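Listed here are the chains, written in short residue letters.
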Amino acid sequence: MPYQENLPKHKRLFYAVGHFLNDLCASMWFTYLLVYYKSVLGFQDKCAGILLLIGQIADGIFTPLVGLESDRTPGCGSYGKRKTWHLVGTFCVIVSFPFLFNPCLGCAERPPNWVAVIYFSPFLIISQFGWAATQISHLSLIPELVSCEHAKVELTAYRNAFSVIANITVYSVAWLLFHFQTQHEDPDVNAGLGPVDIPVFGNLILIVVGVGTVFSLIFHLGTREKAQRTQEVSAREEDGLVSSYQSLMPPSPESSTPPLLLRWKHWFKEPSFYQVALLYMCTRLIVNMSQAYISMYLTNSLMLPKKSIAIVPLVMYVSGFVTSLVMRPVSKRIGISMTYLVGLVLILAFALWILLDRSMGSRIYGGAVILGSGSAIILVMSLSLTSKLIGDQTQSGAFVFGAMSLSDKVSNGLAMMLIQFLYPCQTSAFCPACVWFYHHVMVSVTGGVALVAALILSSLFLWPIKIRQCLPVFPTHGVANGKDTYGTLDGSAVN
């Protein structure tokens, strides 16, 4: 079935809601899991860091494996291989994720840390498998649904817009729950975060999973996965030279060299693969780490009330949503890489602001607008660069997205683990060293990583994204002089 330049608006919306459950759970994971385990359940910082690392590494391992299998397996009958994996992943998330935001069943009120690690680890692993299966299958549908570069950007922007809506939903519900809680006259309830907030997070996760399940159902009913437009070339032909390729379309009349397709192992020979992977890793470090530590920064460094952990992230994602609406025309005018650079400038501006202004108070809302806008820009543009790298190589697209996500998960897990082990206080959460600790963390995960991302981005201007390797071509119209011919897979550069 041929590509479409673009999809009807209603089909774009049906596609975009397919990641809504994942986005809701990701918002809970990165924004509230650390503060829930540390401040609500009372786990030690190292224990919370170990649990986060287990989840991130599990996700990092499952993501490329799911990507590889998603490319290989045909799926369930005519349902489509991407949607089949999406359905399996959605089920795993639904049955496991609620346990992560509820106390240990059958345990004492404050179980030993090793008991908590053993209890929560299986739920972490199952939920991360489901999250990876849903994420990779959903991303892999983009280059299969549309062919135009800017249509891919638009579809990615729709996807990110619903990601922002998911985050807005989580923070709005959290704010309402905290607001109703603060109406209580008990001073212990209105104090800082603690065990009294366990019901708040329990109700929040049930609402999140329920809403996400409804939107996943809409995706499966409204999105039709297209039949594969490629046919495998036999591995026995021509001494196995073409076992790694498939025919994409008839050869052009100007050339006797047919187009080639890359299998997963050939991506490791492409320099652009590593450029995009590093840039995606930095993007996710900025977005996820700032999201994970904003709550600790607000309550420990700025000493704001606990309802701020819902209001400030909400401001971030409202600004990100507004930014995502204008992203396509901007990227079409100045290019994907330059649009990414604009996002980096906003991230650096936020980092500089909080570095110089140590007592921001209500000014943090202005910083949240800048951080939210910059994060939305770099996230959409990094995904667009990944889709551009894949191009017509949709048969291995899931592996590419999986490899990108592997770099993201492992780097985030290790970074969180390192930060938790560097936490200077073991007894008091409000000692002077701890106050400035989360301030320095926020500056480093935004400004420091943004500088590294800027260096990687500069390499794209010097060496644009293209497939550069010379690869063997199987001639379909005879063999020149009795030998195999060779050609170059040369993709168009990304501006």
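Predicted model only: the values in this text are computed from it and were never measured.

What counts, and where the lines are drawn
- Residues numbered from 1 in each chain as written.
- Predicted model: local features only at pLDDT ≥ 70, side-chain atom pairs only at ≥ 80, totals over all residues.
- Heavy atoms only, no water.
- pLDDT = per-residue confidence, 0-100.
- Helix = DSSP H or I, 4+ residues; strand = E, 2+ residues; numbered from the N terminus.
- Contact = heavy atoms within 4.5 Å.
- Salt bridge = Lys/Arg side-chain N within 4 Å of Asp/Glu carboxyl O.
- Axes fitted to C-alpha atoms, helices over the stretch in contact; angles between N-to-C directions.
- Parallel < 35°, antiparallel > 145°, perpendicular 65-115°, else oblique.
- Left-handed = near helix turned anticlockwise from the far one by under 90°.
- Nonpolar A, V, L, I, M, F, W, Y, C, P; charged D, E, K, R; others polar.
- Expected span 1.5 Å × (residues − 1).
- Buried < 20%, exposed > 50% of the residue type's maximum accessible area, 1.4 Å probe, protein only.
- Polar contact = N/O pair within 3.5 Å; in protein donor to acceptor, adjacent residues only side chain to side chain.
- Core = buried A, V, L, I, M, F, W, Y, C linked by side-chain atoms within 4.5 Å.
- Patch = residues over 30% accessible without salt bridge, like charges linked within 9 Å, V, L, I, M, F, W, Y side chains within 5 Å.
- Areas by Shrake-Rupley, 256 points an atom, 1.4 Å probe, with all protein chains shown as cover.

(A) Inspection of the confidence of the model for the protein chain at higher detail. The pLDDT averaged across the protein chain works out to 78; a share of 80% of its residues lies at or above 70. The lowest-confidence element of the protein chain is strand β2 (residues 246–247), averaging 32 in pLDDT; the highest-confidence one is helix α9 (residues 198–222), averaging 92. Per-residue pLDDT stays below 50 along residues 229–258; that stretch engages in 57 contacts with residues further than four places along the chain or on separate chains.

(B) Region of the structure containing the pattern of salt bridges. On inspection of all chains with the given rule, the structure shows four salt bridges. Here K409 and D59 are joined by a salt bridge, their closest N and O atoms 3.2 Å apart. Here K409, found in helix α15 (residues 397–422), pairs with D59, found in helix α3 (residues 45–72); they are 350 residues apart in sequence, far enough to count as distant. When salt bridges with common partners are traced through the structure, they connect D59, D408 and K409 into a single cluster.

(C) Geometry of the packing of helix α2 (residues 20–40) against helix α5 (residues 113–140). Two numbers describe how α2 lies on α5: the axes approach to 11 Å, and their chain directions differ by 150°. With respect to α5, the element α2 is oriented roughly antiparallel. As for the relative orientation of α2 and α5, their crossing is left-handed in sense. Contact residues: N22, A26, W29 and Y37 in α2; F120, L124, Q128, W131, T134 and Q135 in α5. Residues belonging to the contact of α2 with α5 are distributed by class as follows: six nonpolar, four polar and no charged.

(D) View of unusual backbone geometry. Phi at M303 takes a positive value of approximately 55°, unusual for a residue other than glycine. Following the sequence through the fold, M303 ends up in the loop between α10 (271–301) and α11 (308–325).

(E) Geometry of α11. The end-to-end C-alpha distance of α11 is 26 Å, a good match for the 26 Å that 18 residues give at a rise of 1.5 Å each. Listed as buried for α11 are S308, I309, A310, V312, P313, L314, M316, Y317, S319, G320, T323 and S324. On its buried face, α11 is in contact with α2, α7 (149–182), α10, α12 (327–334) and α14 (364–390).

(F) Representation of the side chain of T386. Among the structural elements, T386 can be located in helix α14. Relative accessible area serves as the criterion here: at 0%, T386 is assigned to the buried category. Here S382 takes part through its backbone oxygen, which lies 2.9 Å from a polar atom of the side chain of T386. Setting aside anything within four residues of it in sequence, one finds T386 in contact with V276, Y280, V400, F401 and M404.

(G) Summary view of the nonpolar core. Core analysis: the largest hydrophobic core is formed by 134 residues, its most contacted members being Y32, Y37, F101 and Y293. The residues touching Y293, leaving out its near neighbours within four places in the chain, are L34, M416, I419, Q420, Y438, V441 and M442.

(H) Region of interest: the environment of C92. Relative to the helices and strands, C92 is located in helix α4 (residues 81–96). A relative accessible area of 14% means that C92 is categorised as buried. In this structure, the C-alpha to C-alpha distance between C92 and G130, residues 38 residues apart in sequence, is 4.8 Å. Among residues more than four places away in sequence, those in contact with C92 are I126, S127, F129 and G130.

(I) Representation of the packing of α4 against α5 within the structure. Orientation of α4 relative to α5, taken along the N-to-C sense of each, is 150°, at an axis distance of 7 Å. The orientation of α4 with respect to α5, classified from their angle, is roughly antiparallel. The handedness of the crossing between α4 and α5 comes out as left-handed. Touching R82, W85, H86, V88, G89, T90, C92, V93 and S96 of α4 are F123, I126, S127, F129, G130, W131, A133, T134, S137, H138 and S140, all from α5. Class assignment for the residues of the contact of α4 with α5 results in nine nonpolar, ten polar and one charged.

(J) How the structure looks around a nonpolar patch on the surface. Taken together, the side chains of L325, V326, V330, I334, M338, L341, V342, V345 and F461 make up a nonpolar region of the molecular surface, amounting to roughly 710 Å² of accessible area. Sorting the residues of the nonpolar patch by element identifies α12 and α13 (336–356) as the ones contributing at least two each. Among the elements that line the nonpolar patch, the one with the most residues is α13, at four residues. Counting through the fold element by element, V326 comes out in the loop between α11 and α12. Classification of V326 by relative accessible area gives partly exposed; the value is 46%.

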